[in-house]
Structures are given as C-alpha cells and as structure tokens.
Amino acid sequence: MSSILAVHGSPRGERSHTRRLTEVFLDAWLARHPGAELTRREVGRAPIPHVGEPFVAAAFYPQPAARPLHMQADLALSDELVDELLEHQLLVIAAPMYNFGIPSGLKAWVDHVVRIGRTFAITEDNGVAQYQPLLRGKRALIVTSRGGHGFGPGGVNAAFNHADTLLRSALGFIGIEDVRVVAAEGEESDSRAFQASCAAAERELLGLAARL
Ligand SMILES: Cc1cc2nc3c(=O)[nH]c(=O)nc-3n(C[C@H](O)[C@H](O)[C@H](O)COP(=O)(O)O)c2cc1C
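Note that the structure is predicted; figures quoted are calculated from it, not measured.

1. Examining the nonpolar core
Core analysis: the biggest nonpolar cluster contains 29 residues, and Leu91, Ile93, Leu106, Trp109 and Ile176 have the highest contact counts within it. Put simply, the parts of the chain that give this core at least two residues each are strand S1 (3–8), helix H4 (76–87), strand S3 (90–96), helix H5 (104–113), strand S6 (139–146) and helix H6 (164–174). Tallying contributions element by element places H5 first for this core, with five residues. Residue contacts for Ile93: discarding those within four places in its chain leaves Val7, Leu106, Trp109, Leu141, Ile142, Val143, Leu167 and Leu171.

2. Things to note about the side chain of Ser10
Along the chain, Ser10 falls in the loop between S1 and helix H1 (17–32). Within the local environment of Ser10, its side chain forms a polar contact with the backbone nitrogen of Arg12, the two atoms lying 3.0 Å apart. Among the polar contacts made by the side chain of Ser10, one reaches the side chain of Ser16 at a distance of 3.5 Å.

3. Focus on the site of the ligand
The local shell around the ligand holds 18 residues, among which Ser10, Ser16, Thr18, Met97 and Glu187 are the closest. At a separation of 2.8 Å, an oxygen atom of the ligand approaches a polar side-chain atom of Arg12. Within the side chain of Ser16, an N or O atom sits 2.6 Å from an oxygen atom of the ligand. Isolated, the ligand exposes 640 Å² of accessible area, and the fraction of that covered by the protein chains is 80%. For the shell around the ligand, the secondary-structure elements that each account for two or more residues are H1 and S6.

4. Some points on H1
The end-to-end C-alpha separation of H1 is 23 Å, in line with the 22 Å expected for 16 residues at 1.5 Å each. Residues of H1 that are buried: His17, Thr18, Arg19, Leu21, Thr22, Phe25, Leu26, Ala28 and Trp29. On its buried face, H1 sits against S1, strand S2 (37–42), S3, S6, strand S7 (178–185) and helix H7 (191–211).

5. Section: the UniProt feature "domain: Flavodoxin-like fold" (unreviewed entry) in the protein
The feature "domain: Flavodoxin-like fold" (unreviewed entry), as given by UniProt, occupies residues 3–202 in the numbering adopted here. Secondary structure over residues 3–202 splits into 37% helix and 24% strand, and the C-alpha atoms at its two ends are 21 Å apart.

6. Some details on the UniProt feature "binding site: FMN" (unreviewed entry) in the protein
UniProt annotation of "binding site: FMN" (unreviewed entry) refers to Ser10, Met97, Tyr98, Asn99, Phe100, Ser145, Arg146, Gly147 and Gly148 when read in the numbering used here. Not counting residues up to four positions away in its chain, the partners in contact with Ser10 are Ser16, Thr18, Arg19, Glu42, Gly44, Arg45, Ala94 and Pro96. Here Phe100 lies in the loop between S3 and H5. Exposure remark for Phe100: the relative accessible area of 41% places this residue in the partly exposed category. Beyond its immediate sequence surroundings of up to four residues, Phe100 is in contact with Phe151, Phe160, Asn161, His162 and Ala163.

Conventions adopted
Residues numbered from 1 in each chain as written. Predicted model: local features only at pLDDT ≥ 70, side-chain atom pairs only at ≥ 80, totals over all residues. Heavy atoms only, no water. Core = buried A, V, L, I, M, F, W, Y, C linked by side-chain atoms within 4.5 Å. Buried < 20%, exposed > 50% of the residue type's maximum accessible area, 1.4 Å probe, protein only. Helix = DSSP H or I, 4+ residues; strand = E, 2+ residues; numbered from the N terminus. Contact = heavy atoms within 4.5 Å. Polar contact = N/O pair within 3.5 Å; in protein donor to acceptor, adjacent residues only side chain to side chain. Near = heavy atom within 4 Å. Areas by Shrake-Rupley, 256 points an atom, 1.4 Å probe, with all protein chains shown as cover. Expected span 1.5 Å × (residues − 1). UniProt positions renumbered as here; feature names shortened; annotations may be inferred.

Below, the structure is given as structure tokens:
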C-alpha cells in the first residue's frame, strides 16, 4: 500500500475526535511508508454539493459514451471524486455518528463515488438487475466516534447504527470488501469512560498502521 486517501467527514475542526484519531493513524502509517502519497478530501468543514436531478440524469444516461457535453459537466465533481478514489490503494474515512447515520457532507461523497459505470455496473438476468462491483484490491479504514455507547457489533444499540455500517455496505457494493472499523464511544458520558475508549481506539489504530 503506497497511497492513502483520507476523507474527513466531521464539521468540527480541532474539537473533532474522528479527525484527531485519524491523524494518529496517518502519522503512524506514514512513518512506516516513507514517500507514500497522502491525499485529503474535506467533506465535513467544506461540504460538497449533494447529488441532484442533473447528476442522476447524466449518471444513468443510457449511452454513456455519447453523453452530451452538458451532462459530462454535471458529472465533473463525481468524476473527480471517483478518480481520486481509484488512484489510492488505502482509504481512511473519519466518520462521526450523526443521528444514527453519517454527516450529510460525507453522505454526499458516498452518493458521488458509488457511480454506475465507474465503480459498479448493472447487468440483467431474466429481467432482474444484477450488481457488479468494479473496484479491486483496495482496503478501507473507518474511524468513527459516537456520543452514546453500545453501537458496535453485539452492543445494546447496534440496531441503531447506520453510520459505519452504511459505509461498509456502500464500500462493499463497489468492491472494497476489506474494511476495518475503529470506534470511540461515549463522548456524551462520563469523561473518564470516553478517554478510556479513545485510548483503546488509539491502540487499535497504531496496531492497524503496522498491518494495513
Ligand atoms: C448533529 C449531531 C448528531 C449526533 N447524533 C448522534 C447519534 O445519533 N448517536 C450518537 O451516539 N452520537 C451522536 N452525536 C455525537 C457525535 O457522534 C460525537 O460528538 C462525535 O464525537 C462527533 O464526531 P467528531 O468528534 O469527529 O466531530 C451527534 C452529534 C451531533 C453534532
């Protein structure tokens, strides 16, 4: 793995835990991969536009090779984001939990990169749509933070977690199957419990920096 794309989803700056934890991973990973290329994509503090009808019409245009110029323009941002994703081998997403899902800027990024004909394809089998992922050989790490607790696998609130689980599904859909999740939980609870959770997340991230 010699290139890494970091997507920052938190609207917060210095107070963001996902941002701080992501930096712990990036510092350790870059120390192990001198000369590796790091690209950052900010979608939290500088949200990208949500997809609209022009995007949908252009993305699903029946003859992509003959797409009119104005439709090509409507896909310019999506193309840029997809190209960026394709160019990097390792993807790190800093993804806060917002209302059981992810911040809308990060969701917009997902909507732009899950792109028919570029990151997934649709074929037909007896009139039923079949989906094929188009990406291969990439890995991803999701660094998440939650105000509450128990959202991890088997936790009391696991059924309410539509944050890292949504990202895992979307990434798998386009062919990124190797996805790790590191979470800090309980920002809104007792500060010692949250500090312990962050410390555990940091240890996990340092371990992953040596393996990814
Ligand atoms: C608008 C908003 C919605 C949130 N929704 C949830 C939620 O559904 N569940 C939860 O556990 N925490 C929730 N939180 C708390 C955040 O997940 C927590 O503060 C997290 O650390 C934010 O990530 P960041 O520190 O990188 O900004 C919410 C926070 C905000 C501001």
